[in-house]
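Each chain is listed here by its residues.
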Number of protein chains: 8
Amino acid sequence: MEVKEILKKVQDGNLSIEEAEKYFRRQPFEEMGYAKLDTHRKIRSGFAEVIFCSGKANEHLLNIFGRLYEQDGEVFGTRATQSQYELIRKQYPQTVFDPISKIIKIEKKNKVRKGKIAVCTAGTADIAVAEEAAQTAEYFGAKAERIYDVGVSGIHRLLANVDIIQEAHCVVAVAGMEGALASVIGGLVDKPVVAVPTSVGYGASLHGLSALLTMINSCANGIAVVNIDNGYGAGYLAAQINRLALS
Amino acid sequence: MEVKEILKKVQDGNLSIEEAEKYFRRQPFEEMGYAKLDTHRKIRSGFAEVIFCSGKANEHLLNIFGRLYEQDGEVFGTRATQSQYELIRKQYPQTVFDPISKIIKIEKKNKVRKGKIAVCTAGTADIAVAEEAAQTAEYFGAKAERIYDVGVSGIHRLLANVDIIQEAHCVVAVAGMEGALASVIGGLVDKPVVAVPTSVGYGASLHGLSALLTMINSCANGIAVVNIDNGYGAGYLAAQINRLALS
Amino acid sequence: MEVKEILKKVQDGNLSIEEAEKYFRRQPFEEMGYAKLDTHRKIRSGFAEVIFCSGKANEHLLNIFGRLYEQDGEVFGTRATQSQYELIRKQYPQTVFDPISKIIKIEKKNKVRKGKIAVCTAGTADIAVAEEAAQTAEYFGAKAERIYDVGVSGIHRLLANVDIIQEAHCVVAVAGMEGALASVIGGLVDKPVVAVPTSVGYGASLHGLSALLTMINSCANGIAVVNIDNGYGAGYLAAQINRLALS
Amino acid sequence: MEVKEILKKVQDGNLSIEEAEKYFRRQPFEEMGYAKLDTHRKIRSGFAEVIFCSGKANEHLLNIFGRLYEQDGEVFGTRATQSQYELIRKQYPQTVFDPISKIIKIEKKNKVRKGKIAVCTAGTADIAVAEEAAQTAEYFGAKAERIYDVGVSGIHRLLANVDIIQEAHCVVAVAGMEGALASVIGGLVDKPVVAVPTSVGYGASLHGLSALLTMINSCANGIAVVNIDNGYGAGYLAAQINRLALS
Amino acid sequence: MEVKEILKKVQDGNLSIEEAEKYFRRQPFEEMGYAKLDTHRKIRSGFAEVIFCSGKANEHLLNIFGRLYEQDGEVFGTRATQSQYELIRKQYPQTVFDPISKIIKIEKKNKVRKGKIAVCTAGTADIAVAEEAAQTAEYFGAKAERIYDVGVSGIHRLLANVDIIQEAHCVVAVAGMEGALASVIGGLVDKPVVAVPTSVGYGASLHGLSALLTMINSCANGIAVVNIDNGYGAGYLAAQINRLALS
Amino acid sequence: MEVKEILKKVQDGNLSIEEAEKYFRRQPFEEMGYAKLDTHRKIRSGFAEVIFCSGKANEHLLNIFGRLYEQDGEVFGTRATQSQYELIRKQYPQTVFDPISKIIKIEKKNKVRKGKIAVCTAGTADIAVAEEAAQTAEYFGAKAERIYDVGVSGIHRLLANVDIIQEAHCVVAVAGMEGALASVIGGLVDKPVVAVPTSVGYGASLHGLSALLTMINSCANGIAVVNIDNGYGAGYLAAQINRLALS
Amino acid sequence: MEVKEILKKVQDGNLSIEEAEKYFRRQPFEEMGYAKLDTHRKIRSGFAEVIFCSGKANEHLLNIFGRLYEQDGEVFGTRATQSQYELIRKQYPQTVFDPISKIIKIEKKNKVRKGKIAVCTAGTADIAVAEEAAQTAEYFGAKAERIYDVGVSGIHRLLANVDIIQEAHCVVAVAGMEGALASVIGGLVDKPVVAVPTSVGYGASLHGLSALLTMINSCANGIAVVNIDNGYGAGYLAAQINRLALS
Amino acid sequence: MEVKEILKKVQDGNLSIEEAEKYFRRQPFEEMGYAKLDTHRKIRSGFAEVIFCSGKANEHLLNIFGRLYEQDGEVFGTRATQSQYELIRKQYPQTVFDPISKIIKIEKKNKVRKGKIAVCTAGTADIAVAEEAAQTAEYFGAKAERIYDVGVSGIHRLLANVDIIQEAHCVVAVAGMEGALASVIGGLVDKPVVAVPTSVGYGASLHGLSALLTMINSCANGIAVVNIDNGYGAGYLAAQINRLALS
């Protein structure tokens, strides 16, 4: 359709060849020299672009942060450091930083959160990753229920929370070490389970690779896995699924 | 609630201690000696139990097949062999077998399929796994759109099908070798992408491990990964997400 | 002590130098050319030597089998093939062979079995390895309780059997795929858990390596791991622990 | 039984529905917000809960330490740092810290230690892990015999200590580099051997993975393996086995 | 030929045996004690020797830098540190240092650059490696077109630059994380693609190994891979190919 | 340019909107149901599409073979089996099959081969892969010089052939086992070296992974690596480079 | 010297330029088309060339076998199959074949064997590899003492043979599974130990990789390692060392 | 014999039972509490014990250093730090420390060095490891010839030194990155080659694992491999072989 319309306008002389050519070659992103900001993302995916702060140069971070804030009225950055926070706060004092999840953000007030996502962790050391997942999902409009420290070596703690987990549209299961949490949850609920291996552990945990393998090999149904420590990815996916359930 | 009700009935003398005890100790599965059939699964998850045929002894397979058919009026088995099909067909002549996906099934007639799942493959060699995914999703009530041979080394083939993919509630991306398909699709749609690495490839493909790593490391949002060649797992998860979108 | 006694006898002239020298240089094994049979093992460990049949030449197998039978009145072989069984049966018709566990044996009648070992499997495909463990433990005098198909993706099946498991002196947890069974059991009992990863699974199960890593990284206490598919090793260790509990 | 009794009381009117319901829904753990303290563990396993100090926030560590001390009159923490010790000592001056094993504890006086566990190391660099094992076993009531620096490249040092090792109910074999100690000990004793690979070594030791593989592949009987550097896990398991031998 | 000429001169008495012997035993390198400078390299390969600065002792670095500058009138060093730059600048104030690519150099003025190489990156974090490639190719006489941040998760950014990429004689594709960029480019152009995996990523990126595997398994034609983060190697190879295209 | 021309024609009324729309939506591939034949590839890359025969269903193979032959007057298939050859030969008797390289083809007569590629192998066991490379390059119009069995453990054999190798525009270095050939050649020539690891070897050769690692880590300049046993990929790339050198 | 002499002759007119040129360009190998036979090897290394039979085409094998027999009056081939033996025996009836070591050979009569090499194995399953080592060393003139089945899990069997082992000039230690034999021997002798990991084992033995890692990480002095199952390599090296000891 | 003599003396009354018993139970090591000093090693192996300084506590290091110096009149320590040197120098001012090889020692004056070992490196970055090897061999009485920076990517540098290498009794080949040096040397000499992979390299060098695999897979004869960066082990083994050649 759209192509037809453009061509029609060209035929009718209502659009110059140069303008039409631009259309067919258009760049739906903003060129910043060192980066190409995906400003059409919100239109395309319904979710605004997010900043992966780790390793960004100060000047670049500040510019991108500002540019996104300008455009959307809110910004969300993951894997930020305390010093990156200090930097941004000077220019945007309303910025908040959570030292556990390493999330830095300016969020619109009175945002409505809908649906429900359950974010579970095996141990207390997995909470940093879980918070990244929960806060990401919340930023993208989902309600997140936190159920922490319910690892499989004390299964009664998990069973005591089954009802809450079963009510969610999607469960995020965060676990390091042997990573068995996802399988047990997968057998208890009838909703998608997004499994997040964490680098928590030592020795043969191989920085999370063992937990990743455990989860990928899960014999339970309805489980899929994201990268090690990738709380953001899990939260994003959970928010997508939650949004589908509400649509 | 439920617990309260049971206890109330005991207190009121409407339920014997023996009956109540059974309730608290009940086994929501059927003991078959060599296996514990999860007969409550359909109630719990909405999806009936499925048979993983590979390596099952003939007698066991036949019994489980029969038991599930009896209970649900339909059965679904994955990774079946031609000879397993011959065996079952003798007793259940209405059984059908697909030699590509290795699926064996008796499916209820006039089943309504709703929503939409897009199942994409990078190459023609990935079709066996994709069919397992598509037919699983269809068995569980989803409509599946097949878009095969759209791998990233000829990106125009994928782009020509973007509209169809974008209409789905969930995309299953099946790819071996370098497994890059999931990332490209993840950047094109705003719906969950279930990535399935396949063991297609040679040399350093490491029987699918390379594709698995590619997918787990995807820089696109909204992607989660299942085990190598696990078409069933992807189809199941996609059907869950599709059902949520319809609810 | 023993050394002192020998020396005393030499001093007293009750033992020739040659005899004494033999003592200090003695070889507590029987030289068979191609193998050194550890005939003192029963005295040393309380458990007779066992034959690992896989890959043994027919003639060697037969000789070793005969030699051990002669000495102990019973024999026990693991990983035997049907054709090895045919071979041995010709000469020792009382031999029995279990095609599931691949165990071949002549066992003394009316052997008393004491204590209790619980052998659990995650799925039905793990039963071959579990049987190797259970029958090994039984051969070495333990009672074995079999609790099969209680994997973590249907946790209610395991919970329904907790009482039986908790009564054992030692639990053998056999699981492939994601191998999470050991952790859950470890959290439910206060006895040693011997975890056996199996090569059951596909894709990223890496022939049992994933399950091995899961079990080694277990966050539960009281768990130790043996080699992939090493049912014999688990059964032996469990029998040792059971014997200690009875002593 | 227990279930029956509760139900009987309800039927008899000796227990209110609310009380009974609590029973069936009870949470055998104490919710601390960031953690779920497993306060019933001692009843369940006979061994009190232990603190894995590494990475715990100061405030959390202090609270958990206090809470466990209050409940049991003693506390045991592994992988503590000097600065964590300073922190705790201020509030609990009776706390002791061992900089080699990194164990922090308040232990009841005049505790009786029974049975015997032998803790062996291949080299002097493995002593830190061995001490974690020995002191854990001692905390849980076992006597521990230390036999250090008896690695296989100087086999006479091990042979000179065989008698002491053979008297133990359980042997803990701690070794890095090529990890061969466990196999040699396994061939010398008739008791369970818990093998602990350590990250001692360089180059292809792969931070302990090589030693882990060596031990898992041991051709000796009666050996099982715990995670790399997991002295605590080995000590716990050894104490369990020792307790069984004494029962 | 050359051999024949030498021999001719010997036969004719125009060359002493000693001189001729030197020729056949000549060492086309300069012995510096700690290093053998390959001073004939420029003649042999057309490209001067380059310094890998990382880990070089200060004195050695200075000497080699000076020696090469003396000989060629220009020098090029990779993986230099700020402090190495300070050191060299004192003696050679005309030295320039690029803190992003870590390249240190003195380059002849008015150098002509010919042909065209396209250097593409998936993300902004890959730019350091890409600059090493681009500046290496430029030093060796190629024109380099930089096309950064065109990763596959936003495929429209890459497609908008296809024309520029297609005009190059050789494309360098730099990507971390899932490393899919090379495959997509390989399908869009008919020129050699040199793929450079980078260590950008986290979790299962395995410090670039995942991207390396992705690229090695590429299903597109005309792609070959260099070591992780080896921008220099890619730039060198691209310059060689570019030179061939110009010859 | 092209876009501009189309639009110009539309403006001028020389092209209907429908025709123009087709252009912008055109699918440069032919849909075959199970595959999307990339019929525009020859226009795009100058090299026709090639068939990867391994694992193709008979009917599919025959159809694709026929379709490509029809279009180009010649066909080239890799990794064919003897039985696939028998199948095709029945319909296309002019087909030839090389049992060493497993290449099946119908090639146009009197094809001109230009430039020069040197294909070297370390041992005789690497010749199958080398032939795949050489014949691929020849099919795409390059002259290929074969220099086999010049592995580094007998360096004089390689040195005796240096002149021939140095004359090529591109060298393909094929080696299994320790794969050191590429480095030595890389130090002897000033042309691109495409390294092909082969799965030749045993034990720790890890099916070619060791050779792949050796080649990727090469300290020589101008080397890039393709997948294990990927002779086709190396030949294709070498032909591309050769073509550039001739342009 | 040699170079000088040639040049002198050229100067003196005693050697034509053409002859001299041939000398400097000479090929110390015989070109067989598919292979370059290293006919100067015996002069260079003192040991004749050996045939790696595995995978050789029948015709090639026969030619090489014949060519070497012609030249040296004896031949030695490793990894031969029964059918290769049948083939060769037809033409060379004096050929002998050992089905255990897979060695095929014609050996000169009354060959003198000197010095002493001790070849030890951990188990009976390692004997095939050990025989390859022992017979290789014998072919190259060493005396080989076989000490089999002395694995570390029954250390008394090894200790009973220490005297014989200590008398050897070099020890070859062959072991699969956990591969600890080399370390124990290394600690008992003051001679070089060549360690050969074998692929004997199952599960986490990783086809010999675990044993290889064990041996490489050995804490004993004087140990070096060859490839998995590489009995030939170990025998060759041991023969070299033995020869040095006799020189 | 020895045993016989002792027994004879007991029989003859020339030796008390207590004395004889001590003999059979003697501990050929000195117990230092934290370590068992192998004081009989020099008698057993001809080479005195050496200190692996890395990670030793100051007090322990000083004691062991002193104890060995006292006993042998010289001491040799590897992997020492500058601060360990400062510590020891205070008490033993004659101690010397080489910051490149990290060797600390007091060596007897006028020690005679015999035979010849060639120590070769691929690059300048491998010199630290090579020096550890060379100085170890020298300490144990061998002459060491250093031939550095002769890596295979500039093969002429190696060939120019072939004569020197061929004269040695044993060659130590030290190389990181692709590690091909050992194979080339193995093909040039007829003496044992001890290959030392180093952790020099980046990216897919995997901290030396790639070089280790290259060397283990070498197709040349007479090569064996020690652990990554294990210069000491290579020097020790080379000294053993050199000693054999001199005997």
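Undergrad: How should I be thinking about the environment of B:Gln71 in this particular structure?
TA: Residues and elements named next belong to chain B. One can find Gln71 in helix α4 (residues 58-72). Residue Gln71 is classed as partly exposed on the basis of its relative accessible area of 33%. Within the structure, Gln71 has its side chain in polar contact with the side chain of Asp72 (distance 3.3 Å).

Undergrad: Explain the interface of chain F and chain H here, please?
TA: Taken together, the contacts link 23 residues of chain F with 23 residues of chain H. Carbon and sulfur atoms make up 70% of the area that chain F and chain H hide from each other, which totals about 1,900 Å². On the chain F side of the contact with chain H, F:Ser153, F:Glu178 and F:Asn217 bury the most area, a combined 29% of that side's loss. Our count for the contact surface shared by chain F and chain H stands at zero salt bridges. Linking chain F to chain H there are seven residue pairs in polar contact (both at pLDDT 80 or more). For the side of chain F that touches chain H, the secondary-structure elements that each account for two or more residues are α7 (155-159), α9 (181-188) and α10 (209-216) of chain F. Classifying every residue of the side of chain F that touches chain H gives 14 nonpolar, eight polar and one charged.

Undergrad: I tried to follow the packing of aromatic side chains on my own but got confused; where do I start?
TA: Ring pairs (aromatic) are described by centroid distance and by the angle formed between their planes. By the definition in use, this model includes 64 aromatic pairs over all chains. An aromatic cluster is present here, built from A:Phe76, A:Tyr139, A:Phe140, A:Tyr232 and A:Tyr236 joined pairwise through their rings.

Undergrad: Would you take a moment to explain the interface of chain B and chain A for this structure?
TA: When the parts come together, some accessible area is lost, and that loss is often what is quoted as the size of the interface. Contacts between the two partners involve 27 residues from chain B, matched on the other side by 27 residues from chain A. Contact between chain B and chain A buries roughly 2,600 Å² in total, counting both sides, with carbon and sulfur atoms accounting for 56%. Interface area lost by chain B to chain A is led by B:Ile216, B:Asn221 and B:Leu244, which between them contribute 25%. Inspection of the chain B/chain A interface yields zero salt bridges. Where chain B packs against chain A, one counts eight residue pairs in polar contact (both at pLDDT 80 or more). At the level of elements, α3 (41-45), α10 (209-216), β11 (223-225) and α11 (231-246) of chain B are the ones that each hand at least two residues to the side of chain B that touches chain A. With eight residues, α11(B) is the single largest residue contributor to the side of chain B that touches chain A. In terms of residue class, the side of chain B that touches chain A is made up of 13 nonpolar, nine polar and five charged.

Undergrad: Could you clarify how one ought to interpret the relation of the copies chain F and chain H in this entry?
TA: Each of the two chain copies goes to the other by way of a rotation about an axis and a shift along it. Overlay of chain F on chain H (RMSD 0.4 Å): rotation 180°, translation along the axis 0.1 Å. Considering both components of the superposition, the chain copies are consistent with a two-fold axis. Residues of chain F ranked by C-alpha distance from the rotation axis are headed by F:Ala180, positioned 2.6 Å from it. Of the interface residues in chain F, 100% have counterparts in chain H that sit at the interface too, so the contact is made through matching surfaces.

Conventions used here
The residue numbers shown here count from 1 along each chain, following its written sequence. Key to labels: chains lettered from A, ligands numbered from 1, both in the order written. Since the coordinates come from a predicted model, pLDDT governs what is reported: local features require at least 70, and pairs of side-chain atoms require 80 or more to be given and counted, while whole-chain, interface and lining totals use all residues. Excluded from the side-chain calculation are hydrogens and water; included are all heavy atoms of the structure. Segments assigned H or I by DSSP are reported as helices when at least four residues long, segments assigned E as strands when at least two residues long, and all are numbered from the N terminus. Under the scheme applied here, a residue whose accessible area is under 20% of the maximum for its type counts as buried, over 50% as exposed, and between as partly exposed, the area being computed with a 1.4 Å probe on protein chains only. Here a polar contact is taken to be a pair of N or O atoms separated by no more than 3.5 Å, where protein atoms must pair a possible hydrogen donor with a possible acceptor and residues adjacent in sequence count only if both atoms sit in side chains. When checking whether two residues touch, look at their non-hydrogen atoms; a contact exists if any pair is within 4.5 Å. Accessible area that two parts lose when put together, evaluated with a 1.4 Å probe and summed over both, is termed the buried area. The term salt bridge refers to a side-chain nitrogen of Lys or Arg lying within 4 Å of a carboxyl oxygen of Asp or Glu. Charged means Asp, Glu, Lys or Arg here, nonpolar means Ala, Val, Leu, Ile, Met, Phe, Trp, Tyr, Cys or Pro, and polar covers whatever is left, Gly included. In this scheme Phe, Tyr and Trp rings, the latter by its six-membered ring, pair at centre separations within 6.5 Å, and the angle between planes marks the pair as stacked below 30 degrees, edge-to-face above 60, and tilted otherwise. For this overlay, a least-squares fit was computed on C-alpha atoms, restricted to residues scoring pLDDT of at least 70 in both copies.

Everything listed here is a matter of geometry and, on its own, says nothing about what the molecule does.
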